[in-house]
Amino acid sequence: MCLIIPKEYKNSLGVIQTQEAIKDLKDFFENRLGETLKLTRVSSPLFVLPESGTNDDLNGIEKAVSFQVPDIGKSAEIVQSLAKWKRMALKKYGFDIGKGLYTDMNAIRKDEELDNIHSIYVDQWDWELTIDKDDRNLETLKSVVTNIYEVFKSTEEHINNIYPQIKKILPKDITFITSQELLDMYPNLTPKEREDKIVKENGAVFLMQIGKELSCGQKHDGRSPDYDDWELNGDILFYNPVLDNVIELSSMGIRVDEESLDRQLKASGCDDRRTLDYHKALLKGELPYTIGGGIGQSRICMYFLNKAHIGEVQVGIWSKEMIEKCGESGIHLL
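These numbers were taken from a predicted model, which means no experiment stands behind them.

Peer 1: So what's going on with helix α3 (residues 138-162)? Which residues, and what values?
Peer 2: The first and last C-alpha atoms of α3 sit 37 Å apart over 25 residues, in line with the 36 Å expected at 1.5 Å per residue. Listing the buried residues of α3 in full gives T140, L141, V144, V145, I148, Y149, V151, F152, T155, E156, I159 and N160. The opening residue of α3 is N137, an N-cap whose side-chain oxygen sits 3.2 Å from the backbone nitrogen of E139.

Peer 1: Which residues make up the sheet that holds strand β8 (residues 204-208), and what are the values?
Peer 2: The mixed open sheet is built from eight strands, whose spatial order is β1-β5-β6-β11-β10-β9-β8-β7. Each of the sheet's edge strands pairs with one partner strand only, and the pair in question is β1 (39-41) and β7 (175-178). Taken over all neighbouring pairs, the strand axes of this sheet differ in orientation by 25° on average, direction set aside. In this sheet, β8 lies alongside β7 in parallel orientation, the contact comprising four bridges. When the bridges of β8 are listed, T175 appears paired with V205. Taken strand by strand, helix α1 (residues 15-37) contacts β1, β5 (100-108), β6 (121-130) and β11 (290-296), and its axis lies near 15° from that of β6. Of the strands in this sheet, β6, β7, β8, β9 (228-240), β10 (245-255) and β11 touch α3, which is tilted by about 135° from β10.

Peer 1: Outline the sheet that holds strand β2 (residues 47-48), supporting the account with residue identities and numerical values.
Peer 2: Sheet strands pair via backbone hydrogen bonds, and the direction of the pair is either parallel or antiparallel. If you walk across this open sheet you meet the three strands as β2-β4-β3, and the pairing is antiparallel. Each end of this open sheet is capped by a strand with a single partner; those strands are β2 and β3 (66-69). Inspection of the sheet shows β2 paired to strand β4 (residues 74-78) by two bridges, in the antiparallel sense. Note on β4: the bridge partner recorded for F47 is I78.

About the thresholds
Residues numbered from 1 in each chain as written. Predicted model: local features only at pLDDT ≥ 70, side-chain atom pairs only at ≥ 80, totals over all residues. Heavy atoms only, no water. Helix = DSSP H or I, 4+ residues; strand = E, 2+ residues; numbered from the N terminus. Expected span 1.5 Å × (residues − 1). Buried < 20%, exposed > 50% of the residue type's maximum accessible area, 1.4 Å probe, protein only. Polar contact = N/O pair within 3.5 Å; in protein donor to acceptor, adjacent residues only side chain to side chain. Pairing = 2+ DSSP bridges. Axes fitted to C-alpha atoms, helices over the stretch in contact; angles between N-to-C directions. Contact = heavy atoms within 4.5 Å.

Here's what the structure looks like:
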């Protein structure tokens, strides 16, 4: 257990007031995100068939929760994210270029190490936007990130207007930097320490090109080879003053095309995935070109409502030791 207990922690909102604020915050952010990116809300699966290839391997080591479906004689998996499913849905529903979808994604990630910002239950807005192949570039990526950042800024203003005790801290602009540039700046720090350092200096950072090997021979972080293009992806990172460290609120990127999927499958030793339905369709050029990502709902609530633990904004399962330590410090887990 890696638990941070902030010194003299005080809740800005009571339990019931927190519940009211969560709904208001989610409604505002969701509506503004849909308007800004021209997204239509759709329904999404809680589970998929493994042979479809639409479940995500995240860092490549997490194992999906699975169960038998006796009526069809097959095993199904609880989703870990919807990065690949969304792309197939865009084709199935016939979305035009410049339009897209978003959905409430609920997942179980049983291998998570539980701490202040991690639980085994994941709730996020998964979104995906169709683009032209010629728009698979850094300019498009930065433009979309900037638009999403403006949604964050509007949400902060909205919450501050309702709860003045929660102060605005986001900078005017988000800082863009690649994982290699960050390594060059702080070569003697670990990836996590580098992230902490850059967000403390800038407040809000989009850290790009995650998943590729850096000059040190290591990756900044793992990333599945079959949804983001490692040259055109990144994480939205904010400085979290309550915990005095970095909090990741979104992972996103321009999705792989035929060439980058081929390259990344080879680099990751995952050529066996070429036989899966999703991968076969993508390698044949049958799926739309897209940009997309996931935005953590509970993490956004935790960040904007000044909470020290994700369990203050979502119901989860925690160790007895964590529950007791949090309770002693005024951190009330739901």
